[in-house]
Amino acid sequence: MWIVERSAHHNRWYAVTPAAKGIFALAGLAAAYLAQTPAAALAVAGACFMATWLGAGVRLGWYLRVAAAPLGFLALSALSLLGSIAWSAEAGWALRLDLAALAPAVMVSARALAALSALLALVLTTPLSHLQALLRRLHCPEVLLDLMVLCYRLLFVLADASRDTLAAQSARLGFSSPVRSLRSMGLLVGNLAAQVAFRARGLQTAAEARCSDGSLRFLTPLFVHAGRHIALGSAAGVGVLLLAWRLSV
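What you see is a predicted model; the values in this text were computed from it and never measured. (Residues numbered from 1 in each chain as written. Predicted model: local features only at pLDDT ≥ 70, side-chain atom pairs only at ≥ 80, totals over all residues. Heavy atoms only, no water.)

A.B. asks: Please clarify how the overall build of the protein chain should be interpreted in this entry.
C.D. replies: The helix and strand tally for the protein chain stands at nine helices and two strands. Each helix and strand of the protein chain, ordered N terminal to C terminal, gives the series α-α-α-α-β-β-α-α-α-α-α. Principal-axis analysis of the C-alpha atoms places the extent of the protein chain at approximately 70 × 60 × 30 Å. Of all 249 residues assigned to the protein chain, the portion counted as buried reaches 34%. Looking at the protein chain alone, contacts between residues at least 24 apart form 76% of all its contacts between residues at least 6 apart. Approximately 15,300 Å² of the protein chain is accessible, and the part contributed by carbon and sulfur atoms is 71%. Each charge sign in the protein chain was given a centre, from 20 positive and 9 negative side chains, and these centres are 10 Å apart. (Helix = DSSP H or I, 4+ residues; strand = E, 2+ residues; numbered from the N terminus. Buried < 20%, exposed > 50% of the residue type's maximum accessible area, 1.4 Å probe, protein only. Contact = heavy atoms within 4.5 Å. Areas by Shrake-Rupley, 256 points an atom, 1.4 Å probe, with all protein chains shown as cover. Lys, Arg positive; Asp, Glu negative; His and termini not counted. Charge placed at Lys NZ, Arg CZ, Asp CG, Glu CD.)

Right, here's the structure in full:
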């Protein structure tokens, strides 16, 4: 989470209006859906990646660390499409590979990779406050915006609590053996649940102490040259769509 927040505040597109980046990300998602071949989908993924890395200047190490978990889930999903577990009275349970599903699995994985690259192009270049302002301009319900902000905040609370607890347990040799590791993990889960509930209650108390009965709002900067940025974002989005269409023919 800290990498996402740092990247969103330290890139070349920080001062670019979020509308332009949102248009580009939506175009990337549409191109991932419209791609009819794995080559087209991979080309869309590469274009979104290059825009994020070279265009926005997001560090390659940060990008790969954020994308590692979704890529691992994508790899497991692709393997699950290729294999199936069957049972027979003669052989019992057996794992079978369906080579006929190879082509659909590759196509689905390539499209998912393109969609992931488009989303990362938005997430790694746009802070939450900018996204919230954009969604409010699009008349997104205030309740959803508040829930988004609170959940995002509690993710950092959870990360801080888990890091501190793990450091304390490691200092007390809590992971020196398998039995102690299992016990420490159980204590960690219980402690995190209590800490998150306590800190969430503290946030609620602080909001009530400030007589806050409305939506959560943040100051957003004034985006200069917003019209030019929207035009450039739209042109880049059209280019990604044309790339997907041209390689799908």
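A.B. asks: Please clarify how the pattern of salt bridges should be interpreted in this entry.
C.D. replies: Pairing is possible between side chains that carry opposite charge, provided their charged atoms lie close to one another. Inspection of the entire model under this criterion finds two salt bridges. Here Arg-136 and Glu-142 are joined by a salt bridge, their closest N and O atoms 3.0 Å apart. Overall, the relative accessible area of 29% leaves Glu-142 in the partly exposed class. A salt bridge links Arg-163 to Asp-160; its shortest N-O distance comes to 3.1 Å. You can see Arg-163 and its partner Asp-160 sitting in helix 7 (residues 142-171), three residues apart, about one turn around the helix. When its relative accessible area of 45% is taken as the criterion, Arg-163 is described as partly exposed. (Salt bridge = Lys/Arg side-chain N within 4 Å of Asp/Glu carboxyl O.)

A.B. asks: What is the right way to look at helix 1 (residues 2-9) in this model?
C.D. replies: Given 3.6 residues per helical turn, the α-helix brings residues three or four places apart onto the same face. Burial in helix 1 covers these residues: Ile-3, Val-4, Ser-7 and Ala-8. Axial view of helix 1: buried residues confined to an arc of 130°, hence all on one face. Looking at the buried residues of helix 1, the elements they touch are helix 4 (60-82), helix 5 (102-123) and helix 7. (Arc of directions from axis to C-beta.)

A.B. asks: How should the side chain of Thr-52 be read in this particular structure?
C.D. replies: Note that Thr-52 resides in helix 3 (residues 38-55). On the accessibility criterion, Thr-52 (0% relative accessible area) is buried. When sequence neighbours within four positions are dropped, the list of residues in contact with Thr-52 reads Gly-57, Val-58, Tyr-63, Leu-120, Ala-121 and Thr-125.

A.B. asks: What exactly am I supposed to notice about the packing of aromatic side chains here?
C.D. replies: Two measures describe an aromatic ring pair: the distance that separates the ring centres and the angle between the ring planes. Per the stated rule, a full pass over the model turns up two aromatic pairs. The interplanar angle of 70° and the centroid separation of 5.0 Å between the aromatic rings of Phe-49 and Tyr-63 together place this pair among those described as edge-to-face. Of this pair, Phe-49 sits in helix 3 while Tyr-63 sits in helix 4, and the two are 14 residues apart along the sequence. Put simply, the rings of Phe-49, Trp-53 and Tyr-63 pair up and form one aromatic cluster. (Phe/Tyr/Trp six-rings, centres within 6.5 Å; stacked < 30°, edge-to-face > 60°.)

A.B. asks: What am I meant to see in the nonpolar core here?
C.D. replies: For soluble globular proteins, the rule of thumb is that nonpolar side chains tend to be buried together. Counting residues in each nonpolar core, the largest one holds 15 residues, and the members touching the most others are Val-4, Val-58, Tyr-63, Val-66, Leu-120, Leu-124 and Tyr-152. Counting residues per element, the ones that place at least two in this core are helix 1, helix 4, helix 5 and helix 7. One finds Ala-31, Val-44, Ala-45 and Val-240 within the second-largest nonpolar core, a separate group that totals 12 residues. (Core = buried A, V, L, I, M, F, W, Y, C linked by side-chain atoms within 4.5 Å.)

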